[in-house]
Amino acid sequence: MLKEIKKFLAEYDGPPMNIMEVCGSHTAAIAKNGIPGMLSEKIRLLSGPGCPVCVTPTSYIDRLLELAEDPAVCIVTFGDLLRVPGSEKSLQQIRGEGARVEMVYSPLDVLKLAGENPEIRYVFAAVGFETTTPVYALLLDQLIEQRISNVQLLTAIKTMPEAIQFLCEGGAPIDGFLAPGHVSVVTGSRVFEPLAQRYQIPFGVSGFLGDELLIALCGIVKAYGQGRVMNFYPSVVTEEGNTRALALIDRYFEPAPATWRGMGEIAGSGKVLKKEFELYDAGSRGLNEDKKKNRACCCDRVLMGHMRPTQCPLFGTVCTPMNPQGACMVSTEGSCFSYFANNRKDR
């Protein structure tokens, strides 16, 4: 069966198709498995806005930098966010200048830090999509249960369906979506059905192995022009999603507008803490300014599917993983990073 799928994708001679992989992990897996070289020239893969670090606006980074100016404040974050450029500096730069910035592997790690250092105010950089939001809700559960008062969250939480709708409404050249596997575990595959039907575009939920991606791509290509959602990841993704995780999110968070780096503000595409929990908020609302560090950076066009990373004039010269000019080159899930690290050259 897989041999037939590979043959079909390599020899496909139907209508040209632009398929967007929304998830940054899919972008990395596609490059790692050499999938672009297995596809017909009539199947073009586009990288989308599915890397949470890549779509975090500069105003959010600047707010973290502002908070870190207080010597009694420690910023706690995942590693990928350290090098994301704000309007002038990054967290990594101010850490080198003496600011308190701690890298952790889980949001729950901040509980131990806060218990050991009650005189320090810890601000966790809560960036992510539907996948990580339940963990932030669990952190809030623990903060309330243990009566910990020296931890706050600065949130930049985004939701995927609204961003996909924004792309479709904005004329992005997309004929099908490789739907995000991790997000779909939480939301369920059903969340994409209104979009599929409205725009008559097929969605294929996929895992992250090479074979899983090829099977999903084959299904999407065969469903060209049809408003269908196909679940090719049934081992972990259901139609309704993780209802317990969704209920936990709804306990603490409510929808809000959110600014996506390079894309602007998208209505209802964010999650912020409800007013009753604002004691745990470090000033997350209203962070909507987005300035480019380098005006020649094309991250915005890359994120919206209008350009491939290799078409940016800065790619691989001025902009590299060691000297990123835009957020897409910072994270390992960023499309520019993935193209650069894997020497990806699409047909």
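Cut-off values and rules
- Residues numbered from 1 in each chain as written.
- Predicted model: local features only at pLDDT ≥ 70, side-chain atom pairs only at ≥ 80, totals over all residues.
- Heavy atoms only, no water.
- Helix = DSSP H or I, 4+ residues; strand = E, 2+ residues; numbered from the N terminus.
- Rg over C-alpha atoms; globule rule 2.2 N^0.38 Å.
- Contact = heavy atoms within 4.5 Å.
- Areas by Shrake-Rupley, 256 points an atom, 1.4 Å probe, with all protein chains shown as cover.
- Lys, Arg positive; Asp, Glu negative; His and termini not counted.
- Charge placed at Lys NZ, Arg CZ, Asp CG, Glu CD.
- Core = buried A, V, L, I, M, F, W, Y, C linked by side-chain atoms within 4.5 Å.
- Buried < 20%, exposed > 50% of the residue type's maximum accessible area, 1.4 Å probe, protein only.
- Arc of directions from axis to C-beta.
- Pairing = 2+ DSSP bridges.
- Axes fitted to C-alpha atoms, helices over the stretch in contact; angles between N-to-C directions.
- Salt bridge = Lys/Arg side-chain N within 4 Å of Asp/Glu carboxyl O.
- Expected span 1.5 Å × (residues − 1).
- Parallel < 35°, antiparallel > 145°, perpendicular 65-115°, else oblique.
- Left-handed = near helix turned anticlockwise from the far one by under 90°.
- Nonpolar A, V, L, I, M, F, W, Y, C, P; charged D, E, K, R; others polar.

(A) Layout of the overall build of the chain. Regarding its fold elements, the chain presents 13 helices and 11 strands. Relative to its length of 347 residues, the chain is compact, with a C-alpha radius of gyration of 20 Å against a globular reference of 20 Å. Structurally, the chain occupies a C-alpha span of about 65 × 45 × 30 Å along its principal axes. For the chain, the proportion of contacts with a sequence separation of at least 24, taken over those separated by at least 6, is 78%. A total accessible area of about 15,000 Å² is found for the chain, and carbon and sulfur atoms account for 50% of it. Computing the positive centroid from 35 side-chain charges and the negative centroid from 38, the chain places the two 5 Å apart.

(B) Looking closely at the nonpolar core. By size, the foremost hydrophobic cluster in this structure holds 72 residues, and its most contacted members are Tyr60, Ile75, Leu81, Leu91, Ile164, Phe177 and Phe203. Per element, the largest residue contribution to this core is 6 residues, and it comes from helix α3 (residues 58-68). In this structure Ile75 touches Leu64, Leu67, Ala68, Leu91, Arg100, Val101, Glu102 and Val123, once residues within four positions along its chain are discounted. Counting 29 residues, the second largest nonpolar core, distinct from the first, contains Leu113, Phe124, Ala126 and Ala245.

(C) Expanded view of helix α5 (residues 109-116). Within α5, the full set of buried residues consists of Val110, Leu111, Leu113 and Ala114. Along the axis of α5, the buried positions cluster into a sector of 165°, meaning they face one direction only. Opposite the buried face of α5, by more than 90 degrees, sit the exposed residues Lys112 and Gly115. Where α5 is buried, its residues contact β3 (73-77), β5 (121-128), α6 (133-145) and β6 (151-158).

(D) Geometry of the sheet that holds β3. One open sheet accounts for 6 strands, arranged β4-β3-β5-β6-β11-β10; its pairing is mixed. Across the chains shown, the open sheet's two edge strands, defined by having one partner strand only, are β4 (101-103) and β10 (253-260). Along the sheet, successive strands turn relative to each other by an average axial angle of 25°, direction set aside. The strands touched by α5 within the sheet are β3, β5 and β6, with β5 carrying the most contacts at an inclination of about 170°. Packed onto the sheet, helix α11 (residues 243-252) meets β10 and β11 (264-273) and runs at close to 85° relative to β10.

(E) Highlighting the pattern of salt bridges. Tallying each qualifying case throughout the model produces 8 salt bridges. Ionic pairing is found between Glu11 and Lys7, a salt bridge with its closest N-O pair at 2.9 Å. Residue Glu11 and its partner Lys7 are located together in helix α1 (residues 2-11), separated by 4 residues, close to a single helical turn. Lys42 is the salt-bridge partner of Asp13, the closest N and O atoms lying 3.2 Å from each other. Of the two residues, Asp13 is situated in the loop between α1 and β1 (17-23) and Lys42 in the loop between α2 (24-32) and β2 (43-50); the sequence distance between them amounts to 29 residues. With a relative accessible area of 61%, Asp13 lands in the exposed category.

(F) Inspection of the pairing of β11 at higher detail. For β6 and β11, the ladder comprises 2 bridges, and the chain directions are antiparallel. Directly across from Ile157, in β11, lies its bridge partner Lys271. When β10 meets β11, the two strands line up antiparallel, connected through 7 bridges. Counted as the bridge partner of Pro255 is Lys271 from β11. The turn linking β10 back onto β11 is made up of 3 residues, and Gly262 within it adopts a positive phi angle of 85°.

(G) Structural detail: α6. Here α6 is 13 residues long and its end C-alpha atoms lie 19 Å apart, about the 18 Å a rise of 1.5 Å per residue gives. Those residues of α6 lying buried are Thr133, Pro134, Tyr136, Ala137, Leu139, Leu140 and Leu143.

(H) Examining the environment of Leu64 more closely. Along the polypeptide, Leu64 turns up in helix α3. For the pair formed by Leu64 and Ala125, sequence separation is 61 residues and the distance between their alpha carbons is 7.8 Å. Apart from the residues lying within four places of it in its own chain, the contact partners of Leu64 are Ile75, Leu81, Leu91, Ala125 and Leu154.

(I) The arrangement of the packing of α6 against α11 in detail. As a packed pair, α6 and α11 sit with axes 9 Å apart at the nearest point and diverge in direction by 60°. With respect to α11, the axis of α6 lies oblique. Of the two possible hands of crossing, α6 and α11 adopt the one that is left-handed. Together, Thr133, Pro134, Ala137, Leu138, Leu140, Asp141 and Ile144 of α6 and Ala245, Leu248, Ile249, Arg251 and Tyr252 of α11 make up the contact between the two elements. For the contact of α6 with α11, the residue count by class is 9 nonpolar, 1 polar and 2 charged.

(J) Spotlight on the sheet that holds strand β9 (residues 229-231). Judged by pairing direction, the sheet is parallel, and its 5 strands sit side by side in the order β2-β1-β7-β8-β9 without closing on themselves. The open sheet has two free edges, formed respectively by β2 and β9, since each of these has just one partner strand. Here the average twist between neighbouring strands, direction ignored, is 20°. Sheet analysis places strand β8 (residues 203-205) next to β9, joined by 3 bridges and oriented parallel. Among the inter-strand pairings, Gly204 is bridged to a residue of β9, identified as Met230. Of the strands in this sheet, β1, β2, β7 (176-179), β8 and β9 touch helix α10 (residues 210-222), which is tilted by about 155° from β7.

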